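Descriptive analysis of the structure
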Amino acid sequence: MTAMTDAASASAPFPGPHPTPYTAPGPRLAAGIGPDGTYTSGGRFLAFLAGLWTMVAFFPLLFVGAILYTKAEEVWPEDPERARKLVVWSWASVTWMPLVCAAVVTGMALVLGSL
């Protein structure tokens, strides 16, 4: 019985080359962020435009975006997934949050103007 077990364990479990082990993909990257955690050149340009728009229209959200991105840079080496979420929220604070605010203000002005 042991000779049979030894013979079975000595042979390869799969004929041919061994299959490659599965490796999990790395963390997803946020928009405009390269694999090393820095802005890409396109991301830098879009961040400048979004920051300029936010600074002119919604000044407090500019600080929120800057604080979130700074925090993301600090936590990137220890927790890339959390840093990615912080970058997404920093982008949201300088892009779609001002747009939502502008839509709400415009809607209120249209409703009040029709009264």
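For the structure itself, look to the data block above.
Figured I'd write up the structure that's included with this text. (Residues numbered from 1 in each chain as written. Predicted model: local features only at pLDDT ≥ 70, side-chain atom pairs only at ≥ 80, totals over all residues. Heavy atoms only, no water.)

1. Re the pattern of salt bridges
- Across all of its chains, the model carries two salt bridges by this definition.
- Notably, a salt bridge pairs Lys71 with Glu74, separated by 4.0 Å at the nearest N-O pair. Residue Lys71 and its partner Glu74 are both found in helix H3 (residues 59-75); the two are separated by three residues, about one turn of the helix.
- Assessed through its relative accessible area of 49%, Glu74 is described here as partly exposed.
- As a salt-bridge pair, Glu81 and Arg84 come within 3.0 Å of each other at their nearest N and O atoms. Here Glu81 and its partner Arg84 are both found in helix H4 (residues 80-94), three residues apart, which amounts to about one turn of the helix. (Salt bridge = Lys/Arg side-chain N within 4 Å of Asp/Glu carboxyl O. Helix = DSSP H or I, 4+ residues; strand = E, 2+ residues; numbered from the N terminus. Buried < 20%, exposed > 50% of the residue type's maximum accessible area, 1.4 Å probe, protein only.)

2. Structural notes on the layout of surface pockets
- Estimates place the volume of the largest pocket at around 190 Å³.
- Tyr39, Ala47, Gly51, Leu62 and Val94 are, among the 13 residues lining the largest pocket, the residues nearest its centre.
- Taken together, the elements giving at least two residues each to the lining of the largest pocket come down to helix H2 (41-57), H3 and H4.
- Element by element, the count of residues in the lining of the largest pocket is highest for H2, at five residues.
- Partitioning the lining of the largest pocket into residue classes produces ten nonpolar, three polar and no charged. (1 Å grid on protein atoms, 1.4 Å probe; cavity = no way out; pocket = protein on both sides within 12 Å on 5 of 7 lines; lining within 4 Å. Points joined across faces, edges and corners; volume = space filled by probe spheres on them. Nonpolar A, V, L, I, M, F, W, Y, C, P; charged D, E, K, R; others polar.)

3. A word on the environment of Pro77
- The residue Pro77 is located in the loop between H3 and H4 in this model.
- Judged by its relative accessible area of 62%, Pro77 is exposed.
- When the C-alpha positions of Pro77 and Asp36 are compared, they lie 9.6 Å apart, and in sequence the two are 41 residues distant.

4. What about the packing of H4 against helix H5 (residues 96-114)?
- It is at 3 Å that the axes of H4 and H5 come closest, and there the two elements cross at 35°. Between H4 and H5, the residues in contact are Trp89, Trp91, Ala92, Ser93 and Val94 and Trp96, Met97 and Pro98, respectively.
- When its residues are assigned to classes, the contact of H4 with H5 shows seven nonpolar, one polar and no charged. (Axes fitted to C-alpha atoms, helices over the stretch in contact; angles between N-to-C directions. Contact = heavy atoms within 4.5 Å.)

5. Examining H3
- Taking 1.5 Å of rise per residue, 17 residues should cover 24 Å, and H3 covers 25 Å from first to last C-alpha, within 8% of that figure.
- Turning to H3, its buried residues are Leu61, Gly65, Tyr69, Ala72 and Val75. Along the long axis of H3, the arc covered by the buried residues comes to 130°, so they all point the same way. The outward face of H3, more than 90 degrees from its buried face, is lined by the exposed residues Pro60 and Ile67. (Expected span 1.5 Å × (residues − 1). Arc of directions from axis to C-beta.)

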